[in-house]
Amino acid sequence: MSEHLLEVKDLVKHFTLNGDFVSRVAGKTQTVKAVDGIDFYVRQGETLGLVGESGCGKSTTGRLITRLIEPTEGEIKLRGEDLLAFSPKRMRETRKDVQLVFQDPYASLNPRKTIMDILSRPLEVHNLAKTWHEKRERVLELLNLVGMGSEHIDRYPHEFSGGQRQRIAIARGLTVNPELMIGDEPVSALDVSIQAQILNLFRELQEKFSLTYLFIAHDLAVIRHISDRVAVMYVGKIVESGPVATIFSDPLHPYTKALLAAVPEADPEKPAPRLTLEGEVATPIDPPPGCRLQGRCPLATSICSEVSPELVSVDTDHQVACHNL
Ligand SMILES: Nc1ncnc2c1ncn2[C@@H]1O[C@H](COP(=O)(O)OP(=O)(O)OP(=O)(O)O)[C@@H](O)[C@H]1O
Ligand code: SF4
Ligand SMILES: [Mg+2]
């Protein structure tokens, strides 16, 4: 369990907003610092939960790792190899190793294709099954793996419930035997009872196939249920990362403490430290220098508005970015 399957270093994604013609002429461009120098790793076979409020850069991070978008700067290593230096051919072969499951399975499943069409397409693209018979066998096996009966194979996405559609989307991710699955809010659109079933399915599949997960969610209960380790994001930065038990019972960063104020205690005998922040979430558009939390944080001092705090190790596996711990 110690090998880092994925390692991200100083990863940056800035989007430039040019605005309208008049502001362009006046030279008023704005930069959205969606992901602004993040570091994390995911060990082989574990689940890293990436949590944070809307707009903090979670989906951008997932899209960068799958290379749906290219980073402004930084490093993404898969099995120790620099993914950004891969040739187009090597990247095409590697694409199947990293699969992304989205929040809305209905939008990501073509409504005009049957489940057989949808699940056999990646097998064709990656040359993993040749004959119709081989494809059919594999698709039936995949349906079985995600708890769906063979009677569903010739049906269309609209014939299924949200939970079933997410099972199909997970099956599609599995078609190509990936090593890393990135779930971008894969249970957020589902009812709570269905969420638990899908989270359990993710866990079963992880055990069966030694899968590694980067699991993106804004819901702390979901993150606590699924993660081995957690990385907390705030406005383009990772502010704290550590084992799930440490993050939930012994958080150190003011933002993590504030986030936890919204969830029930895991251990009422030993309540986790909590804190209240003032004001609204900061914007990633042309943020001021220093810590992103500076305008809201009761612990802020003068250095916080000048220098952005680095993510540093405070204990085995526990990293925090704050000047005043
Ligand atoms: N293509 C783009 N052009 C400009 N800005 C973008 C683009 N994509 C994302 N952003 C901005 O980057 C920031 C991070 O967006 P992102 O979608 O990664 O957040 P998120 O954490 O996934 O949020 P949510 O929980 O709402 O899904 C947001 O301010 C968003 O508006
Ligand atoms: S660096 Fe300063 S502003 Fe940022 S979280 Fe720490 S104390 Fe608060
Ligand atoms: Mg998102």
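Refer to the structure printed above.
Report follows, based on the coordinates. Per-chain numbering applies: the sequence of each chain, read as written, is numbered from 1 onward. For naming, the first written chain is A and the first written ligand is 1, with later ones following in the order written. Only residues with pLDDT of at least 70 get local features here, since the model is predicted, and only at 80 or more are side-chain atom pairs given and counted; chain-wide, interface and lining totals rely on the full set of residues.

Helix and strand assignments come from DSSP, with helices taken as H or I runs of at least 4 residues and strands as E runs of at least 2, each series counted from the N terminus. Along the backbone of the protein there are eleven helices and twelve strands. Every radius of gyration here is taken over C-alpha atoms, with the globule rule written as 2.2 Å times N^0.38, N being the number of residues. For 325 residues, the compact-globule estimate of 2.2 N^0.38 gives 20 Å, and the protein sits close to it at 21 Å. Principal-axis analysis of the C-alpha atoms gives the protein an extent of 70 × 60 × 35 Å. The buried share of the protein, taken over its 325 residues, is 37%. Exposure classification rests on a simple neighbour count of other C-beta atoms within 10 Å of a residue's own: a residue reaching 20 or more is buried, one at 12 or fewer is exposed, and one in between is partly exposed. C-beta atoms are placed from the backbone.

Turning to the packing of helix H5 (residues 115–125) against helix H6 (residues 132–145), a few remarks are in order. Look at H5 against H6: their axes get within 10 Å of each other, and the N-to-C directions meet at 110 degrees. Here H6 runs roughly perpendicular to H5, going by the angle between their axes. Between H5 and H6 lies a crossing whose hand is right-handed. Note on element contacts: H6 touches H5 through Lys135, Arg136, Arg138, Val139 and Leu142, opposite Met116, Leu119, Ser120 and Leu123. In this analysis an axis means a line fitted to C-alpha atoms, helices contributing only their contacting stretch, and an angle means the value between N-to-C directions, from 0 to 180 degrees. An angle below 35 degrees is treated as roughly parallel, one above 145 as roughly antiparallel, one from 65 to 115 as roughly perpendicular, and anything else as oblique. A clockwise turn of the near helix away from the far one marks a right-handed crossing, whereas an anticlockwise turn of less than a right angle marks a left-handed crossing. Contact criterion: two residues are in contact if their C-beta atoms, reconstructed from the backbone, are within 7 Å.

A few words on the sheet that holds strand S8 (residues 212–217). Strand order across the open sheet formed by eight strands is S6-S7-S8-S3-S9-S10-S12-S11, with mixed pairing between neighbours. The open sheet has two free edges, formed respectively by strand S6 (98–101) and strand S11 (312–315), since each of these has just one partner strand. For this sheet the average axis-to-axis angle between neighbouring strands, irrespective of direction, equals 20 degrees. Note: S6 against strand S7 (residues 180–184), four bridges, orientation parallel. Across the sheet, Val101 pairs through a bridge with Gly183, a residue of S7. By this definition, two strands are paired if DSSP reports at least two bridges between them.

The next thing to look at is the site of ligand 2. Only the C-beta atom matters for nearness: placed from the backbone, it must lie within 6 Å of the molecule or strand for the residue to count as near. Around ligand 2, a shell composed of Pro254, Cys291, Leu293, Gln294, Cys297, Leu299, Ala300, Cys304, Pro309, Cys322, His323 and Asn324 is seen. When its residues are assigned to classes, the shell around ligand 2 shows nine nonpolar, three polar and no charged. Residues are grouped as follows: nonpolar covers Ala, Val, Leu, Ile, Met, Phe, Trp, Tyr, Cys and Pro; charged covers Asp, Glu, Lys and Arg; every other residue, Gly included, is treated as polar.

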